[in-house]
Amino acid sequence: MSKVYVFTQFGGPEHEELQERPVPQPGAGELLVEVKAAGVNPADWKIRAGHLGTDRQLPTAMGLEVAGVVTAVGDGVTQFGVGDPVLAGVPAGNGGFAEHTLVRAAEAVAKPEEVSFTDAATLPVAGTTAYDLTHQVELEPGQTMLILGAGGGVGLMAAQIANVHQFRTIGVAGEAKRELVESTGATFVASGDGFADRVRELAPEGVDLVIDLVGGGVLRQAASLATEPGRVVSAADPAVVDLGGAVRERNPEALGKITGVVEYGLVNPNVTATYELQQAGQALAAVEAGHAAGKTVIETA
Ligand SMILES: NC(=O)c1ccc[n+]([C@@H]2O[C@H](COP(=O)([O-])OP(=O)(O)OC[C@H]3O[C@@H](n4cnc5c(N)ncnc54)[C@H](OP(=O)(O)O)[C@@H]3O)[C@@H](O)[C@H]2O)c1
């Protein structure tokens, strides 16, 4: 048997629990992974709350990104074998907050030795999102990128990628995250009332790309700072399209690319909180509170 963290009904965190299930068997093209670490994301609680649809089988296993060791492979898998360390996104419902899970071999990446399981577990969701958003609109070195929610899991990685490309980066976040944001090379701007004016003072000519990780009114206020409406991309709010911008577009190569960048030490996923699998509820609650600094990871083994 194998432990897995699930929710049994759509709604609040009171429907979450740790269950036992038989170790799953890999189907064609799948890897069975003994999970070492799993990243926690806002999407985990949004799925449980029913914000992303309610047509899932219950109980639903939680957790969307893992790093671990392959313990069995399904038919047709040639690129990985038993014992290989990998990282991968977890298909919805397979459950990353677990001792074992199933991932698609075609979407997994070999974990470099230089990258810990804990750091690797932050790359399939948060890392690829940061990679996609920073590459979706091409900028030249010296151009200005504004990141809303710069102190969170995605924002800190996006700011570091921007630094690698020598963009000028302005990061909007809560005051408590000033040092973290500045550690990426970005200029810190405090969030809250008047943030758009504070950005305008720093970039009176406008910003060349807005990366939104907050949405709602914050996104609407920031959109007018972009030099053109098409230079706004969001992972947090589909309403960005109504403002002339775009939602995140997934690049299938993003996981390999961001893994390489982390391997070479150019991006630190900034894991600031780790929990054991038995504490998955606490880990989720910390992310659900909405003020996470860097990444939260559940370490399974
Ligand atoms: N579409 C996709 O594929 C995809 C993938 C990954 C993430 N996402 C979404 O992207 C968003 C960010 O994800 P994440 O993993 O980075 O979340 P996270 O780690 O929880 O970080 C969110 C950050 O936003 C900050 N924030 C909240 N209100 C703010 C405001 N008014 N101004 C500036 N910052 C504010 C929070 O801290 P403070 O409040 O302390 O500043 C926190 O640091 C979430 O909505 C998530 O669902 C989407």
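Residues numbered from 1 in each chain as written. Predicted model: local features only at pLDDT ≥ 70, side-chain atom pairs only at ≥ 80, totals over all residues. Heavy atoms only, no water.

Quick look at the overall build of the protein now. Of the regular secondary structure elements, the protein holds nine helices and 16 strands. A compact globule built from 301 residues should have a C-alpha radius of gyration of about 19 Å, and the protein, at 19 Å, falls within 12% of that. Dimensions of the protein, computed from C-alpha atoms along their principal axes, come out at roughly 60 × 40 × 35 Å. Residue pairs in contact within the protein that sit at least 24 positions apart in sequence constitute 67% of those at least 6 positions apart. (Helix = DSSP H or I, 4+ residues; strand = E, 2+ residues; numbered from the N terminus. Rg over C-alpha atoms; globule rule 2.2 N^0.38 Å. Contact = heavy atoms within 4.5 Å.)

Okay, the side chain of Thr296 next. When you line up the elements, Thr296 lands in strand S16 (residues 295-299). You can call Thr296 buried: its relative accessible area is 6%. Setting aside chain neighbours within four positions, we find Thr296 in contact with Ala38, Gly39, Val40, Ala273, Tyr275, Ala283 and Val287. (Buried < 20%, exposed > 50% of the residue type's maximum accessible area, 1.4 Å probe, protein only.)

Side chains of Val164, Tyr264 and Leu266 sit close together on the surface and give an oily, nonpolar patch of about 330 Å² of accessible area. Position of Tyr264 relative to the elements: it lies in the loop between helix H8 (254-263) and strand S15 (271-276). Since its relative accessible area comes to 66%, Tyr264 is described here as exposed. (Patch = residues over 30% accessible without salt bridge, like charges linked within 9 Å, V, L, I, M, F, W, Y side chains within 5 Å. Areas by Shrake-Rupley, 256 points an atom, 1.4 Å probe, with all protein chains shown as cover. Salt bridge = Lys/Arg side-chain N within 4 Å of Asp/Glu carboxyl O.)

One pass over the structure, following the stated rule, counts one aromatic pair. Above the ring of Phe117, the side-chain terminus of Lys111 is found at 4.6 Å from the ring centroid. (Phe/Tyr/Trp six-rings, centres within 6.5 Å; stacked < 30°, edge-to-face > 60°. Lys NZ or Arg CZ within 6 Å of the ring centre and 35° of its normal.)

Formed by 37 residues in total, the largest nonpolar core has its most connected members in Leu87, Leu123, Met145, Ile147, Leu209, Ile211 and Ile258. For this core, the elements supplying multiple residues, two or more each, are helix H3 (123-135), strand S9 (144-148), helix H4 (153-164), strand S12 (209-212) and H8. Sorting elements by how many residues they give to this core places H4 first, with six residues. Counting contributing residues, this core receives three or more from each of domain 1 (2-122 + 269-299) and domain 2 (127-247). (Core = buried A, V, L, I, M, F, W, Y, C linked by side-chain atoms within 4.5 Å. Domains from an automatic or database assignment.)

Strand order across the open sheet formed by six strands is S11-S10-S9-S12-S13-S14, with parallel pairing between neighbours. Each having just a single partner strand, strand S11 (187-190) and strand S14 (246-247) make up the two edges of the open sheet. Two strands pair when backbone bridges link them, and S9 and strand S10 (residues 168-173) are joined in this way by five bridges, in the parallel orientation. Residue pairing for S10: Met145 is matched across the bridge by Thr169. Its contacts with the sheet put helix H6 (residues 195-202) on S9, S10 and S11, and the angle it makes with S11 is roughly 150°. Of the strands in this sheet, S9, S12 and strand S13 (232-234) are in contact with helix H7 (residues 216-223), which crosses S9 at around 165°. (Pairing = 2+ DSSP bridges. Axes fitted to C-alpha atoms, helices over the stretch in contact; angles between N-to-C directions.)

The next subject is the UniProt feature "domain: Enoyl reductase (ER)" (unreviewed entry) in the protein. In the numbering used here, UniProt assigns the "domain: Enoyl reductase (ER)" (unreviewed entry) feature to residues 11-298. The span residues 11-298 is 27% helical and 26% strand by assignment, and the distance between its end C-alpha atoms comes to 22 Å. (UniProt positions renumbered as here; feature names shortened; annotations may be inferred.)

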